[in-house]
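Chain and residue survey
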Amino acid sequence: MSGLLRGIARTAVVAGTATAVSNRVSRRQAGRWAEQDTQAYEQHAAAAPAPPPPPPQPPADDMSSRIAQLKELGALKEQGILTEAEFAEQKSRLLNS
């Protein structure tokens, strides 16, 4: 009977040691992968090109275009699509651009 208990105890020690070693290796490998991911991210962020500048503003509209837009705004206001406040806001945007 003591031989059986000794065998069981030895098996438990070996299994416990194997589990502990496996867990340690897994944690160490996960740490290495996290470090590699961090380095790759930092390299990618440093190497990423700057976003392109916004497109240049279109040239100033000529007077006839602004007049046409004002007429269109007036028609929308008369139809009841735009309120007086919305009309005034759009008109000021158009005239200030």
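See above for the structure.
Since the model is a prediction, treat every value here as computed from it, not as a measurement. (Residues numbered from 1 in each chain as written. Predicted model: local features only at pLDDT ≥ 70, side-chain atom pairs only at ≥ 80, totals over all residues. Heavy atoms only, no water.)

Details of the overall build of the chain
For the chain, the helix and strand inventory stands at three helices and zero strands. Secondary structure elements in the chain, listed N-terminal to C-terminal, are α-α-α. A total of 97 residues make up the chain; the buried ones form 6% of that total. Just so you have it, the chain exposes about 8500 Å², and 61% of that area is on carbon and sulfur atoms. (Helix = DSSP H or I, 4+ residues; strand = E, 2+ residues; numbered from the N terminus. Buried < 20%, exposed > 50% of the residue type's maximum accessible area, 1.4 Å probe, protein only. Areas by Shrake-Rupley, 256 points an atom, 1.4 Å probe, with all protein chains shown as cover.)

As for helix α2 (residues 63-78)
When the terminal C-alpha atoms of α2 are compared, their 23 Å separation across 16 residues agrees well with the 22 Å that a helix rising 1.5 Å per residue should span. Of the positions making up α2, those classed as buried are R66, L73 and G74. In a view along the axis of α2, the buried residues occupy a sector of 100°, so they form one face of it. Across from the buried face of α2, at angles greater than 90 degrees, the exposed residues are K71, E72 and E78. Of the surrounding elements, those touching the buried residues of α2 are α3 (84-96). Positive backbone phi, approximately 90°, marks G80, located one or two places after α2. (Expected span 1.5 Å × (residues − 1). Arc of directions from axis to C-beta. Contact = heavy atoms within 4.5 Å.)

Brief notes about the packing of aromatic side chains
Evaluated as defined, the whole model comprises zero aromatic pairs. Cation over ring: K77 sits above F87, and NZ or CZ is 4.9 Å from the ring centre. (Phe/Tyr/Trp six-rings, centres within 6.5 Å; stacked < 30°, edge-to-face > 60°. Lys NZ or Arg CZ within 6 Å of the ring centre and 35° of its normal.)

Notes on a nonpolar patch on the surface
A cluster of nonpolar side chains, L4, L5 and I8, forms an exposed patch at the surface whose accessible area comes to about 320 Å². Along the chain, the position of L5 falls in helix α1 (residues 2-47). Overall, the relative accessible area of 53% leaves L5 in the exposed class. (Patch = residues over 30% accessible without salt bridge, like charges linked within 9 Å, V, L, I, M, F, W, Y side chains within 5 Å. Salt bridge = Lys/Arg side-chain N within 4 Å of Asp/Glu carboxyl O.)

Describing a positive patch on the surface
Together, R24, R27, R28 and R32 make up a region of like positive charge exposed at the surface. Looking at the secondary structure, you find R27 in helix α1. (Lys, Arg positive; Asp, Glu negative; His and termini not counted. Charge placed at Lys NZ, Arg CZ, Asp CG, Glu CD.)

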